[in-house]
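This is what each chain is made of:
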Amino acid sequence: MAAHTAVMSMSKILNPFWGGRLGHTVKVRLVIMYEMLILQPPPAKYGGRHTVTLIPGDGIGPELLNHVREVFRFSCVPVDFEVVHVNSALESEDDINDAITAIRRNGVALKGNIETKHTMAPSVKSRNNLLRTSLDLYANVMHCQSLPGVQTRHKNIDIMIIRENTEGEYSSLEHESVTGVVESLKIITRNNSLRIADYAFRLAREKGRKRVTAVHKANIMKLGDGLFLQCCREVASDYPDITFDSMIVDNTTMQLVSNPQQFDVMVMPNLYGNVVSNVCAGLVGGPGLVPGANYGRDYAVFETATRNTGKSIAQRNIANPTAMLLASCMMLDHLKLYGYASMIRNAILTTMNETRLHTADIGGQGTTSDVVQSIMRIIQSKGPLISEL
Amino acid sequence: MMARSVCSLSGTLKLALSNQLTRVYGAAPQRYKSTYITIPPPARYGGRHTVTLIPGDGIGPELANHVCELFRFCCVPVDFEVVNVDSSMASEDDIDNAIMAIRRNGVALKGNIETNHNLPPSYKSRNNLLRTTLDLYANVMHCQSLPGVRTRHRNVDIVIIRENTEGEYSSLEHENVTGVVECLKIITKAKSLRIADYAFRTARAKGRRLVTAVHKANIMKLGDGLFLECCKEVASGYPEITFDSMIVDNTTMQLVCRPEQFDVMVMPNLYGNVVSNVCAGLVGGPGLVPGANYGEDYAVFETGTRNTGKSIANSNTANPTAMLLASCLLLDHLKLHAYASMIRRAVLSILTETQLHTADLGGKGSTSEVVQSVMNAVQSTGPQTLSI
């Protein structure tokens, strides 16, 4: 997809007809597409095996990622993991910088959530946020689908949420000029808004989606969310086959709770994305079921969509491994190992829907290891080549 | 009069002597107005109250008319002073008149005033102006599962207390560099303490056991961190009430899975907006929940989710329940409890009849049918009404 648009963009730049007629927006977008062409780092692939950075994180992260490794080794997936530990209790940023370097080297990562302790000084920034902004992982994509085997109050949900991942309310810029009065800055820029809108529409087109909804609060934050909305409209004009509409965030959350089937693809700034993605995750069955992906121009990091550390259920073998395993399938898709990805995904969905082996968060009694064993058994029965159980 | 002047003398003496005393924010704070400034008397003459009515846009005017009709029918001793606010004009005279009327009367019932996106950014939201000028710092919304309304979630009973004047709604934005907009979100210690105190006092008054603060302090460490700290400080003064906190994303997810776990929730402005809309959706939609904005001296009542309802305006399909229940809250505030419970009972009994449900609840009833039925219900139970 990147190569295709790159070729198109090159032809547009070289074509003298367009000469001085390019508007500002189009120039910016051509620059973005041109950059995509010239800087494609080679994949970290040697001898047919990929290397992927693995960041265990805190809480349930380490145990779930161990299960992922187990399943990969069992299915003979040609992926080697480079494990980088990040200690959330330390104030120095060396750990996270090492992790970022590793991701730069490998291009792809799978991570658990790193805890942000409230008791530490405000100068200690959220490690997850640091990772996202340093690697410029500008798009967070979450696909919420109702799974047939999971009992929920809402049915037939199929929503893609694209959330701006680097700016907005998460700029970590706050100051207390006067004691007792804190100002937090929410930054919205034209470039980032155009970029995320473009990503949303391209993704919608690729997946054959018909409608994109922008979620905002422009009646109150007129300049900020007004700019975001304007950028979305500009990009929408280039995609006439896709309907574009917008909705204020409070109405959106209410509609999600009453009538979620009306939504198709949603694009929004950072904080609204956080809230809306959690509401959607709750609608389809909870935080243990939905995988999330963070895409940048050069890097991709996969994790659970709702980014929970799960401290209260850590080490008790009751966490739901589905989200992390589906995230690893998304990673395999990204590495173009589609055969392995669909094999593991089918096994997960069969366990969920047919065998109905559910963990406690979706109302069952299974343990994490039971679910993982069941997945491996299904892979064994269907797959051609596996190591011994 | 003699008593009042004696009080004010002792008040002045207390002030003179108490300069060195510091206030402790554990207990309910004293009204910072000294006793020698009189608290405004209620706008009541001959036993009849005067209440400002701001019809607003969309479905506001028709619902306000129904409220007037119902009040006249039930012989409620309330007179409405109607102040129209034109949302398409750039001048702020209209809203200033409305604010002055509310200052005069002390209480108001309003519909939502539309904020047109096409007007320049210097045009501030009229609703926001009203709330900040009158310092209506607490927005209270009580979401309850109502009998007769079928929803996916049962037994929801949540009181949401939302800071109404600061936070993300400060309307302070600038564009120093073209293409880069900075919006300021302001959190102050004084206002956070005030809203937390309001929340705990309300929880105590209603006999509630749990107050949850909703925040995003892992990202906005200073801002929401300050809010959380203020809530904790105030919580220490109310030992019988359990206090806990939850990050906003987890809160919204829990609301969708298990809303029964929440009791009273307190939060800054934007999270309050989102959470109150989620809860309104859980109990049946925007047509059912009333909201109240309380300040030090004034109270303004409106629908909980503040919708203009432009698309259903003048089509006789809007659900009047939210506005009618808001008017009951108004009557409670004016201490006309008998009238309030009479009307509330009638409205809730009508809700149980599914053939009268309006379109938003999945039925085919019209607004006027619902209001007529409420009036019938009041007539059959009430002692004294006008003839229909």
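Please refer to the structure placed before this passage.
So, here's what we can say about the structure. Please read all numbers here as calculations on a predicted model, not as lab measurements. (Residues numbered from 1 in each chain as written. Chains lettered and ligands numbered in written order. Predicted model: local features only at pLDDT ≥ 70, side-chain atom pairs only at ≥ 80, totals over all residues. Heavy atoms only, no water.)

### A short note on the overall build of chain A
Part 1: A count of helical and extended segments in chain A gives twelve helices and 13 strands.
Part 2: Here chain A, with 389 residues, has 59% of them falling under the buried criterion.
Part 3: Here the analysis covers contacts within chain A between residues at least 6 apart in sequence; of these, 75% occur between residues at least 24 apart.
Part 4: Within the structure as shown, chain A displays about 15900 Å² of accessible surface, and the carbon and sulfur contribution to it stands at 53%. (Helix = DSSP H or I, 4+ residues; strand = E, 2+ residues; numbered from the N terminus. Buried < 20%, exposed > 50% of the residue type's maximum accessible area, 1.4 Å probe, protein only. Contact = heavy atoms within 4.5 Å. Areas by Shrake-Rupley, 256 points an atom, 1.4 Å probe, with all protein chains shown as cover.)

### Some thoughts on unusual backbone geometry
Residues and elements named next belong to chain A.
Part 1: A positive phi angle, close to 55°, is found at asparagine 156, a residue other than glycine.
Part 2: You can see asparagine 156 is positioned in the loop between strand S5 (139–145) and strand S6 (158–164).
Part 3: Taking relative accessible area as the criterion, asparagine 156 reaches 66% and is therefore assigned exposed.
Part 4: Phi is positive for arginine 307, close to 50°, though the residue is something other than glycine.

### Section: the interface of chain A and chain B
Part 1: Taken together, the contact between chain A and chain B spans 55 residues of the former and 57 residues of the latter.
Part 2: Of the roughly 4900 Å² buried at the junction of chain A and chain B (both faces included), carbon and sulfur atoms supply 66%.
Part 3: If you sort the residues of chain A by the area they bury against chain B, Arg153, Lys222 and Met254 of chain A come out on top, with a joint share of 15%.
Part 4: Taken together, chain A and chain B are joined by 25 residue pairs in polar contact (both at pLDDT 80 or more).
Part 5: In terms of residue class, the side of chain A that touches chain B is made up of 24 nonpolar, 20 polar and eleven charged.
Part 6: Relative to strand S8 (residues 180–188) of chain B, strand S8 (residues 181–189) of chain A is paired through nine bridges, and the arrangement is antiparallel. (Buried area = accessible area lost by both parts, 1.4 Å probe. Polar contact = N/O pair within 3.5 Å; in protein donor to acceptor, adjacent residues only side chain to side chain. Nonpolar A, V, L, I, M, F, W, Y, C, P; charged D, E, K, R; others polar. Pairing = 2+ DSSP bridges.)

### Brief notes about the nonpolar core
Part 1: Formed by 135 residues in total, the largest nonpolar core has its most connected members in Val79, Leu110 and Met331 of chain A.
Part 2: In this view, leucine 110 of chain A contacts Val52, Thr53, Leu54, Ile55, Leu65, Val68, Phe81, Phe302, Met324, Ala327, Ser328 and Met331 of chain A; residues no more than four positions away in its chain are not counted.
Part 3: Core analysis: the next-biggest nonpolar cluster, separate from the first, contains 71 residues, Val182 of chain A together with Cys231, Ala299 and Leu334 of chain B among them. (Core = buried A, V, L, I, M, F, W, Y, C linked by side-chain atoms within 4.5 Å.)

### Overview of empty space enclosed by the protein
Part 1: Overall, the coordinates contain five cavities of 30 Å³ or more when judged by the stated rule.
Part 2: For the lining of the largest cavity, the element with the most residues is helix H10 (residues 337–351) of chain B, which contributes three residues. (1 Å grid on protein atoms, 1.4 Å probe; cavity = no way out; pocket = protein on both sides within 12 Å on 5 of 7 lines; lining within 4 Å. Points joined across faces, edges and corners; volume = space filled by probe spheres on them.)

### Focus on the environment of phenylalanine 200 of chain B
All names here are of chain B.
Part 1: Locating phenylalanine 200 in the fold gives a position in helix H5 (residues 189–205).
Part 2: For phenylalanine 200, a relative accessible area of 0% puts it in the buried group.
Part 3: Phenylalanine 200 sits 31 residues away from cysteine 231 along the chain, and the two C-alpha atoms are 9.1 Å apart.
Part 4: Residues in contact with phenylalanine 200, not counting those within four places in the same chain, are Val211, Cys231, Val234, Ala235, Tyr238, Ile241 and Phe243.

### Here we look at the pairing of S6 of chain A
Residues and elements named next belong to chain A.
Part 1: Within S6, six of the seven residues are buried, which leaves the element mostly enclosed by the surrounding structure.
Part 2: For S5 and S6, the ladder comprises seven bridges, and the chain directions are antiparallel. In the sheet register, alanine 139 faces S6, and the bridge partner there is glutamate 164.
Part 3: Relative to strand S11 (residues 265–268), S6 is paired through four bridges, and the arrangement is parallel. Within S11, the residue paired with methionine 160 across the bridge is valine 265.

### Let's talk about the packing of H5 of chain B against helix H6 (residues 223–235) of chain B
In a packed pair of helices, the relevant descriptors are the angle between the two axes and the axis-to-axis distance.
Residues and elements named next belong to chain B.
Part 1: At a closest axis distance of 8 Å, the pairing of H5 and H6 adopts a crossing angle of 45°. In terms of orientation, H5 lies oblique with respect to H6. Regarding H5 and H6, the two cross each other, and that crossing is right-handed. Seen from H5, the contacting residues are Lys189, Ser192, Leu193, Ile195, Ala196, Asp197 and Phe200; seen from H6, they are Leu226, Phe227, Cys230, Cys231, Glu233, Val234 and Ala235.
Part 2: Looking at the contact of H5 with H6 residue by residue, the class counts come to ten nonpolar, one polar and three charged. (Axes fitted to C-alpha atoms, helices over the stretch in contact; angles between N-to-C directions. Parallel < 35°, antiparallel > 145°, perpendicular 65-115°, else oblique. Left-handed = near helix turned anticlockwise from the far one by under 90°.)

### Remarks on the pattern of salt bridges
All names here are of chain A.
Part 1: Counted under the stated rule, the structure contains 33 salt bridges over all chains.
Part 2: Across the pair glutamate 115 and lysine 117 runs a salt bridge, and its minimum N-O distance is 3.7 Å.
Part 3: One salt bridge in this structure joins arginine 297 and aspartate 298, with 3.2 Å as the shortest N-O distance.
Part 4: In this structure arginine 297 comes out as partly exposed when scored by relative accessible area, which is 36%. (Salt bridge = Lys/Arg side-chain N within 4 Å of Asp/Glu carboxyl O.)

### Considerations on the sheet that holds S8 of chain B
Part 1: With antiparallel pairing, four strands are arranged side by side in an open sheet as S7(A)-S8(A)-S8(B)-S7(B). The sheet terminates laterally at strand S7 (174–178) of chain A together with strand S7 (173–177) of chain B, the two strands that pair on one side only. Neighbouring strand axes in the sheet, compared pairwise and without regard to direction, differ in orientation by 35° on average.
Part 2: Relative to S8 of chain A, S7 of chain A runs antiparallel, the two being bridged by three bridges. The partner of glutamate 174 of chain A across the bridge, within S8 of chain A, is serine 184 of chain A.
Part 3: Sheet strands touched by helix H7 (residues 224–236) of chain A: S8 of chain A together with S7 and S8 of chain B. Its angle to S8 of chain A, the strand with the most contacts, is close to 15°.

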